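Given next are the chains, with one letter for each unit.
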Amino acid sequence: MIAILALQGAFAEHQQMLCRLGEESVLIRNLADWNSFISISDCPKGLILPGGESTTMMRLMKDLELLQPIREAIVGGLPVFGTCAGLILLDHDHLNTMDIIAKRNAYGRQLGSFEISHDIKGLGAIPMTFIRAPYIAEAGPNVEVLSTYDGRIIAARQGQQLVTAFHPELTTDTRVHELFIKEYMISAK
Ligand code: GLN
């Protein structure tokens, strides 16, 4: 069962992707949604933080009193997958559960949005869609780099936390979501 933070941004696309994979998901719009997700037991669980606008998502999480419970769950071992703004939310200056510093809107105006086909460790080449994307400017010793592009880190893992600067949910390639389910959620149990 995967919770998708659904305050803003590209949460519906993640849900469609999970639907295609036959994985159940629930949208988190408030604290009551979160509490009922947390109370579910006896199945592997995970959380997706989607792309969107990280400053807005941060403010809404605070206003809705979701920030601390979500942070505590991740620190307690809940597998989490952050895409784009979701990557930013996990960095040192935000939820601070991953030992990374994200650089926001990192590709400049010319390259605000672009698509490439590029390797990610363990999967080979996959289509990657970047939309005003960040990259990881600094990563601590416990962070495993899964992909770099143009000398910048664009995908990484730390324990049960997976982040991509790009948006796998905006393509038809389901492999990154499958990787998260199999390698982060199921094997984390
Ligand atoms: N630039 C956005 C931010 O800083 C992230 C963009 C995205 O998620 N597509 O939040």
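This text goes with the structure placed above it.
These lines cover the structure that appears in this document, whether it is placed above or below.

Taken together, Gly51, Gly52, Glu53, Ser54, Cys84, Ala85, Ile88, Arg104, Asn105, Ile131, Arg132 and His167 make up all the residues around the ligand. Separating an oxygen atom of the ligand from a backbone N or O atom of Ala85 is a distance of 3.0 Å. At 2.9 Å, a backbone N or O of Ile131 approaches a nitrogen atom of the ligand. Protein chains bury 96% of the 300 Å² of accessible surface belonging to the ligand in isolation. When its residues are assigned to classes, the shell around the ligand shows four nonpolar, five polar and three charged.

Inspection of the secondary structure assignment puts Glu53 in the loop between β3 (46-49) and α3 (54-63). Apart from residues no more than four positions distant in its own chain, Glu53 is found in contact with Gln8, Ala85 and Arg104. Among the polar contacts listed, one links the side chain of Glu53 to the backbone nitrogen of Thr55, at a separation of 3.2 Å. From its side chain, Glu53 meets the backbone nitrogen of Thr56 in a polar contact 3.1 Å long.

Time to look at the packing of helix α2 (residues 31-39) against helix α4 (residues 67-75). Look at α2 against α4: their axes get within 10 Å of each other, and the N-to-C directions meet at 25°. What the angle tells us is that α2 and α4 run roughly parallel. Remark: the crossing between α2 and α4 carries left-handed chirality. Together, Leu31, Trp34 and Ile38 of α2 and Pro69, Ile70 and Ala73 of α4 make up the contact between the two elements. When grouped by side-chain class, the residues that make up the contact of α2 with α4 number six nonpolar, no polar and no charged.

What follows is about α4. The set of residues buried in α4 consists of Leu67, Ile70, Ala73 and Ile74. Buried positions in α4, seen along its axis, are confined to an arc of 140° and lie on one side of it. Opposite the buried face of α4, at more than 90 degrees from it, the exposed residues are Glu72 and Val75. Looking at the packing, one finds that the buried side of α4 touches β1 (2-5), α2, β3, α3, β4 (80-83) and β11 (161-164).

Quick notes on the rules
- Numbering of residues starts from 1 in every chain and runs along the sequence as written.
- Whole-chain, interface and lining totals are the exception, using all residues; otherwise, since this is a predicted model, local features are given only for residues with pLDDT of at least 70 and side-chain atom pairs are given and counted only at 80 or more.
- For the side-chain quantities, the full set of heavy atoms in the structure was used; hydrogens and water were omitted.
- The rule for a residue being near a molecule or strand is that one of its heavy atoms must lie within 4 Å of it.
- Any N or O atom pair separated by 3.5 Å or less is treated as a polar contact, with the protein-specific requirement of one donor-capable and one acceptor-capable atom, and with residues adjacent in sequence counted only for side-chain atom pairs.
- Note that accessible areas follow from Shrake-Rupley with a 1.4 Å probe, and for residues the cover is restricted to the protein chains shown.
- For this classification, the nonpolar set comprises Ala, Val, Leu, Ile, Met, Phe, Trp, Tyr, Cys and Pro, the charged set comprises Asp, Glu, Lys and Arg, and every other residue, Gly included, is treated as polar.
- We count a stretch as a helix when DSSP gives it H or I for four or more residues in a row; a strand needs E for two or more, and each element gets its number in order from the N terminus.
- Residues are treated as being in contact if the distance between any of their heavy atoms lies within 4.5 Å.
- Axes here mean lines fitted to C-alpha atoms, for a helix over just the part in contact, with angles spanning 0 to 180 degrees between N-to-C directions.
- Put simply, angles under 35 degrees are roughly parallel, angles over 145 are roughly antiparallel, angles from 65 to 115 are roughly perpendicular, and the rest are oblique.
- Crossings are sorted by hand: turned counterclockwise from the far helix by less than a right angle, the near helix makes the crossing left-handed, and turned clockwise it makes it right-handed.
- Only protein chains enter the area calculation, which uses a 1.4 Å probe; residues under 20% of their type maximum are buried, those over 50% are exposed, and those in between are partly exposed.
- As used here, the arc belongs to the directions running from the helix axis to the C-beta atoms.

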